[in-house]
Amino acid sequence: MLQVAVNEDEPVASRRRRVAGLVRDQAGADLVVLPELWTTGAFAYEEFGGEAEPLEGPTFEAMAKAASDAGVWLHAGSIPERDPDGPLYNTSLVLSPSGDLAAAYRKIHRFGFDKGEAVLMGAGDALVTVRLPQTVVGVATCYDLRFPELFRGLVDAGAETLVVPAGWPERRRSHWTLLARARAVENQAFVLACGTAGTHAGVPQAGHSIVVDPWGEVLAEAGPGEEVLTVDFDPATVAGTRERFPALKDRVLGLDRPRR
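The name given to the protein in an unreviewed UniProt entry is Acyltransferase, with the source organism recorded as Streptomyces caelestis. As recorded by UniProt, the Sequence similarities (unreviewed entry) comment attached to the protein reads in full: "Belongs to the carbon-nitrogen hydrolase superfamily. NIT1/NIT2 family."

Structure (structure tokens):
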């Protein structure tokens, strides 16, 4: 995971080029993950409109080329997406090793309590999973982490690894770690939660990106600054965990909801 520092003194185009270089440096990895809204900063609300771009705009183009050059699956974090026929969206991009767009996820739960992202961006309405050669990835974004029903829906759709890019603030860092571990334990899945470092819009970022196994054990955790966090894990652990401790089979509530 690439815990990118987002600071106001670095132009977006410059950060985009720098991050593309970081992605290329990860050649040989199976999956590379970037944070939420790393081009603008998740709290830089006044920048969303000016920096919004089409789904396959400049960030997609730069990241697609970098993923192809490195030969990696890339969760490129999220961008402020400008839909030509609608509002802005906080949209995550997943790219294949050939640079193709494998999936896009529009964030369902918008943060802000009737201001900021909650009023400036539209809400997505679809759960998204992506089948990689080694595992099925379920995609969520930042504030989604507080809503366990979303993750249970991803598990119902086959997810074994839950990837959560975020721009999480330092003042609530304890929640970040707690929720990542909770989502891993209750869904018996790996959680890869990738946050930003630095300070943007006056909000210090938590950093501390984290990888959690299906038993809730922390396999790796970054510090507060920009960092490349690398961890090896066996996705087959998920099936083994669910077989040895079949808690998901004992579910009673919520089983009558429509499944995608």
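Now that the structure is up, let's keep going.
Q: What am I meant to see in the packing of helix 1 (residues 12-24) against helix 3 (residues 58-70) here?
A: Two quantities define a packed helix pair, namely the angle between the axes and the distance from one axis to the other. Two elements in contact, helix 1 and helix 3, have axes whose closest approach is 8 Å; the angle formed by their N-to-C orientations is 20 degrees. Considering the angle they form, helix 1 stands roughly parallel to helix 3. With respect to the hand of their crossing, helix 1 and helix 3 are arranged in right-handed fashion. Of helix 3, the residues touching helix 1 (which contributes Arg16, Val19, Ala20, Val23 and Arg24) are Pro58, Thr59, Ala62, Met63, Lys65, Ala66, Ala67, Asp69 and Ala70. Split into classes, the residues belonging to the contact of helix 1 with helix 3 amount to 9 nonpolar, 1 polar and 4 charged.

Q: When you look at the sheet that holds strand 7 (residues 136-139) in this model, what are you seeing that I'm missing?
A: Within a sheet, adjacent strands bond to each other through the backbone by hydrogen bonds, running parallel or antiparallel. Ordered in space as 6-7-8-9-12-13, the 6 strands form an open sheet in which the pairing is mixed. What marks the edges here is a single partner per strand, and that holds for strand 6 (128-131) and strand 13 (218-221). Each strand axis lies, on average, 15 degrees off the axis of its neighbour in the sheet, ignoring direction. The sheet contact formed by strand 9 (residues 190-194) and strand 12 (residues 210-212) spans 3 bridges and is antiparallel. Looking across to strand 12, one finds that leucine 192 is bridged to valine 211.

Q: Before we go on, may I ask you to explain the sheet that holds strand 5 (residues 101-106) in this structure?
A: Read across the sheet, 4 strands follow the order 2-3-4-5 without closing on themselves; strand pairing throughout is mixed. The open sheet has two free edges, formed respectively by strand 2 (31-33) and strand 5, since each of these has just one partner strand. Between one strand and the next, the sheet's axes are offset by a mean angle of 25 degrees, whatever the strand orientation. Looking at chain direction, strand 2 and strand 3 (residues 73-82) are connected through 3 bridges and run parallel. Each residue of the ladder has a partner; that of valine 32, found in strand 3, is leucine 74. Packed onto the sheet, helix 3 meets strand 3, strand 4 (88-95) and strand 5 and runs at close to 15 degrees relative to strand 4.

Q: Would you take a moment to explain the side chain of threonine 241 for this structure?
A: Within the fold, threonine 241 resides in helix 7 (residues 236-244). We classify threonine 241 as buried; its relative accessible area is 1%. With near-sequence residues (within four places) excluded, threonine 241 lies in contact with Gln188, Pro214 and Trp215.

Q: Teacher, can you tell me more about the pattern of salt bridges here?
A: In a structure, side chains of opposite charge can pair up when their charged atoms sit close to one another. For the coordinates displayed, the defined rule picks out 13 salt bridges. Put simply, glutamate 36 and lysine 107 hold a salt bridge, and the shortest N to O gap is 2.9 Å. Residue glutamate 36 is located in the loop between strand 2 and helix 2 (45-51), and its partner lysine 107 is located in the loop between strand 5 and helix 4 (117-120); the two are separated by 71 residues in the primary sequence. In this pair, the class of glutamate 36 matches that of lysine 107, namely buried. Each member of the salt-bridge network shares a partner with another, and the members are Glu10, Arg15, Arg18 and Glu226.

Q: Sorry if this is basic, but what is going on with helix 1 here?
A: Working note: α-helix, 3.6 residues per turn, so residues spaced by three or four point in the same direction. Taking 1.5 Å per residue, 13 residues should reach 18 Å; helix 1 reaches 18 Å between its end C-alpha atoms and fits that length. Every buried residue of helix 1 is accounted for by Val12, Arg15, Arg16, Val19, Ala20, Leu22 and Val23. Projected down its long axis, helix 1 carries its buried residues within an arc of 160 degrees, all on one side. Looking at the buried positions of helix 1, the neighbouring elements they touch are strand 1 (2-3), helix 2, helix 3 and strand 3.

The rules behind these values
Residues numbered from 1 in each chain as written. Predicted model: local features only at pLDDT ≥ 70, side-chain atom pairs only at ≥ 80, totals over all residues. Heavy atoms only, no water. UniProt positions renumbered as here; feature names shortened; annotations may be inferred. Axes fitted to C-alpha atoms, helices over the stretch in contact; angles between N-to-C directions. Helix = DSSP H or I, 4+ residues; strand = E, 2+ residues; numbered from the N terminus. Parallel < 35°, antiparallel > 145°, perpendicular 65-115°, else oblique. Left-handed = near helix turned anticlockwise from the far one by under 90°. Contact = heavy atoms within 4.5 Å. Nonpolar A, V, L, I, M, F, W, Y, C, P; charged D, E, K, R; others polar. Pairing = 2+ DSSP bridges. Buried < 20%, exposed > 50% of the residue type's maximum accessible area, 1.4 Å probe, protein only. Salt bridge = Lys/Arg side-chain N within 4 Å of Asp/Glu carboxyl O. Expected span 1.5 Å × (residues − 1). Arc of directions from axis to C-beta.

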